[in-house]
Amino acid sequence: RSKHEEIELVSVEEFYKEAPPEISRPAITLTEPHQQTLARLDWELEQRKRLAEKYKECLSSKEKILKEIEVKKEYLSSLQPRLNSIMQ
């Protein structure tokens, strides 16, 4: 058994539908199961890299938004004492 057999890959139909021709290479992979598996693993790696990059971007965006929220919270908490001083 190989370690790659534990990875749940996209279906063969979906692979040929979504993967670019330079990865899927249908002329070769349709007739050779080993080459098809290698190509599907390459596609899986590409997708995982893309998703990892998107995840990093989302984390960065989340951190930025959290900082903005904290700044707004500080502003709002300082607003009440100022309003009280104006009222007096």
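Residues numbered from 1 in each chain as written. Predicted model: local features only at pLDDT ≥ 70, side-chain atom pairs only at ≥ 80, totals over all residues. Heavy atoms only, no water.

Things to note about the overall build of the protein chain
- Across its full length, the protein chain holds 4 helices and 0 strands.
- Secondary structure elements of the protein chain occur, N-terminal to C-terminal, as α-α-α-α.
- Classification of the 88 residues of the protein chain by burial places 15% in the buried group.
- Sequence-distant contacts in the protein chain: of pairs separated by 6 or more residues, those separated by 24 or more amount to 52%.
- Total accessible area computed for the protein chain in this model is approximately 7,600 Å², and 57% of it derives from carbon and sulfur atoms. (Helix = DSSP H or I, 4+ residues; strand = E, 2+ residues; numbered from the N terminus. Buried < 20%, exposed > 50% of the residue type's maximum accessible area, 1.4 Å probe, protein only. Contact = heavy atoms within 4.5 Å. Areas by Shrake-Rupley, 256 points an atom, 1.4 Å probe, with all protein chains shown as cover.)

Topic: the side chain of Glu 44
- Topologically, Glu 44 is positioned in helix α4 (residues 33-87).
- Overall, Glu 44 belongs to the buried group, its relative accessible area being 12%.
- Glu 44 has contacts with Ile 7, Glu 8, Leu 9 and Val 10, leaving out every residue within four places of it along the chain.

Structural notes on the nonpolar core
- Within the largest apolar cluster, 6 residues are counted, these being Val 10, Phe 15, Ala 19, Ile 23, Ala 39 and Trp 43.
- Setting aside chain neighbours within four positions, we find Ala 39 in contact with Phe 15, Ile 23, Ser 24 and Thr 29. (Core = buried A, V, L, I, M, F, W, Y, C linked by side-chain atoms within 4.5 Å.)

Focus: the environment of Gln 36
- Within the secondary structure layout, Gln 36 lies in helix α4.
- On the basis of relative accessibility, which here comes to 15%, the residue Gln 36 falls in the buried class.
- When sequence neighbours within four positions are dropped, the list of residues in contact with Gln 36 reads Val 12, Tyr 16 and Thr 29.
- Here the side chain of Gln 36 touches Tyr 16 through a polar contact of 3.1 Å, side chain to side chain. (Polar contact = N/O pair within 3.5 Å; in protein donor to acceptor, adjacent residues only side chain to side chain.)

Some points on a nonpolar patch on the surface
- On the surface, Ile 65, Leu 66 and Ile 69 cluster together to form a nonpolar patch covering roughly 250 Å² of accessible area.
- Take Ile 65: it is sitting in helix α4. (Patch = residues over 30% accessible without salt bridge, like charges linked within 9 Å, V, L, I, M, F, W, Y side chains within 5 Å. Salt bridge = Lys/Arg side-chain N within 4 Å of Asp/Glu carboxyl O.)

Here we look at unusual backbone geometry
- Residues other than glycine seldom take positive phi values, yet Arg 25 does so here, at roughly 40°.
- Along the polypeptide, Arg 25 turns up in the loop between α2 (21-24) and α3 (26-29).

Shape is all these values report; function is a separate question.
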